[in-house]
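Fold and contact review
As a plain string of letters, each chain reads:
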Amino acid sequence: MLFGMNNKASTRPPVLSARNVQKSFVGGDGTRLDILLGIDLDVGSGERIAITGASGTGKSTLLHILGSLDRPSSGQILIDSKAVSELSEDELAEMRNHYVGFVFQFHHLLREFTALENVMMPALIAGVAQSEARDRSRKLLEEVGVIGRESHKPRQLSGGEQQRVAVARALVNQPLVLLADEPSGNLDTQTSQRLHDLIFKLRAGRELSMVVVTHNLDLARRADRVLVLQEGRLELAAKE
Ligand SMILES: Nc1ncnc2c1ncn2[C@@H]1O[C@H](COP(=O)(O)OP(=O)(O)O)[C@@H](O)[C@H]1O
Ligand SMILES: [Mg+2]
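Residues numbered from 1 in each chain as written. Chains lettered and ligands numbered in written order. Predicted model: local features only at pLDDT ≥ 70, side-chain atom pairs only at ≥ 80, totals over all residues. Heavy atoms only, no water.

**Details of the overall build of the protein**
Regarding its fold elements, the protein presents seven helices and 10 strands. Relative to the 2.2 N^0.38 estimate, which gives 18 Å for 240 residues, the radius of gyration of the protein is 18 Å and therefore close to what a compact globule would have. Expressed as lengths along the three principal axes of its C-alpha atoms, the size of the protein is roughly 55 × 45 × 40 Å. Sorting the 240 residues of the protein into buried and exposed places 47% on the buried side. Within the protein, residue pairs in contact and separated by at least 24 positions form 69% of the contacts whose partners lie at least 6 positions apart. (Helix = DSSP H or I, 4+ residues; strand = E, 2+ residues; numbered from the N terminus. Rg over C-alpha atoms; globule rule 2.2 N^0.38 Å. Buried < 20%, exposed > 50% of the residue type's maximum accessible area, 1.4 Å probe, protein only. Contact = heavy atoms within 4.5 Å.)

See the structure below:
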């Protein structure tokens, strides 16, 4: 048992998989755009994957498909070994609520609601009791370092704080996987750095895998695996 002794993740099934995922869009003029040509990916338990690639190559499309916000044209997504395509709309919504947390480039917080309410929202939608949702959300806001700003509306928060609230919101239903689409793409260098520090601390105390789309070398360098999306396929990035 000398080999693999330190490789516990490999003995567990992947939490999220893509099997020959293809995606095409039909443009306004009727021409077909083949964006993803066959994506195979296994996200291991607790694994942190960074995805890079030029603008327009389909990174957001892939992330949306991985998180079942969009469906592939063909191929399959498996979450916790269950094929997403075989789920009903209700089961799919349930799966999305419980297994996947999303962070977008722009925070997408609801502007009329406070930071605390924004974090609580997905928990309430998932049927968590109000008091439990509030407790969890307060703890998360503390963990992401947005303290004393629970009642602030998004516009009363800095860009970095807005993204931290978005991270807290993504975690409120205790997902297996965090999917983040250029989470620091809109922040200055120093604020980005602090957000990356936070993202990489999130695994402590929880079973959390991550797929992060980023152009940021600092963030990519910290991942367990860096993949590049080019010409519709994922390749392992060359080491620097
Ligand atoms: N809903 C859609 N309908 C038509 N084309 C789309 C749609 N979503 C994305 N695309 C096209 O797919 C390509 C990939 O987009 P995207 O996934 O946003 O790339 P990236 O995130 O890598 O910049 C782009 O050419 C974009 O215009
Ligand atoms: Mg994108």
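**Digging into the packing of helix H5 (residues 159–171) against helix H6 (residues 189–201)**
Contact geometry for H5 and H6: axes closest at 10 Å, N-to-C directions at 20°. With respect to their mutual orientation, H5 and H6 come out roughly parallel. Taken as a pair, H5 and H6 cross one another with a handedness that is right-handed. On the side of H5, the interface is formed by Gly 160, Gln 163, Arg 164 and Val 167, while H6 contributes Thr 191, Arg 194, Leu 195 and Leu 198. For the contact of H5 with H6, the residue count by class is three nonpolar, three polar and two charged. (Axes fitted to C-alpha atoms, helices over the stretch in contact; angles between N-to-C directions. Parallel < 35°, antiparallel > 145°, perpendicular 65-115°, else oblique. Left-handed = near helix turned anticlockwise from the far one by under 90°. Nonpolar A, V, L, I, M, F, W, Y, C, P; charged D, E, K, R; others polar.)

**Digging into the packing of helix H3 (residues 115–125) against H5**
Taken N-terminus to C-terminus, the directions of H3 and H5 make an angle of 25°; their axes are 7 Å apart at the nearest point. The angle between H3 and H5 falls in the class roughly parallel. Seen from above, H3 lies across H5 with right-handed handedness. Touching Ala 115, Asn 118, Val 119 and Pro 122 of H3 are Val 165, Ala 168 and Arg 169, all from H5. For the contact of H3 with H5, the residue count by class is five nonpolar, one polar and one charged.

**Notes on empty space enclosed by the protein**
A full pass over the atoms with the stated rule returns one cavity of 30 Å³ or more. Approximately 40 Å³ is the volume attributed to the largest cavity. Contributing to the lining of the largest cavity are Arg 48, Ile 49, Ala 50, Phe 200, Met 210, Val 212, Leu 219 and Ala 223. Put simply, the parts of the chain that give the lining of the largest cavity at least two residues each are strand E3 (48–52) and strand E8 (209–213). Per-element tally for the lining of the largest cavity: the top contributor is E3, with three residues. Of the residues belonging to the lining of the largest cavity, the class tally is seven nonpolar, no polar and one charged. (1 Å grid on protein atoms, 1.4 Å probe; cavity = no way out; pocket = protein on both sides within 12 Å on 5 of 7 lines; lining within 4 Å. Points joined across faces, edges and corners; volume = space filled by probe spheres on them.)

**Concerning unusual backbone geometry**
Its identity is not glycine, yet Asn 20 carries a phi of approximately 45°, on the positive side. With respect to the secondary-structure elements, Asn 20 resides in strand E1 (residues 16–26). Despite not being glycine, Asp 80 shows a phi value in the positive range, around 50°. Looking at the element boundaries, Asp 80 is found in the loop between strand E4 (74–79) and strand E5 (82–83). According to the relative accessible area criterion, Asp 80 is partly exposed, its value standing at 30%.

**Section: the pattern of salt bridges**
Overall, the coordinates contain 15 salt bridges when judged by the stated rule. In this structure, Glu 89 engages Arg 71 in a salt bridge whose closest nitrogen and oxygen atoms are separated by 3.1 Å. One end of the pair, Glu 89, is in helix H2 (residues 89–99); the other, Arg 71, is in the loop between helix H1 (59–66) and E4, and 18 residues separate them in sequence. Glu 89 sits in the exposed class, given a relative accessible area of 52%. (Salt bridge = Lys/Arg side-chain N within 4 Å of Asp/Glu carboxyl O.)

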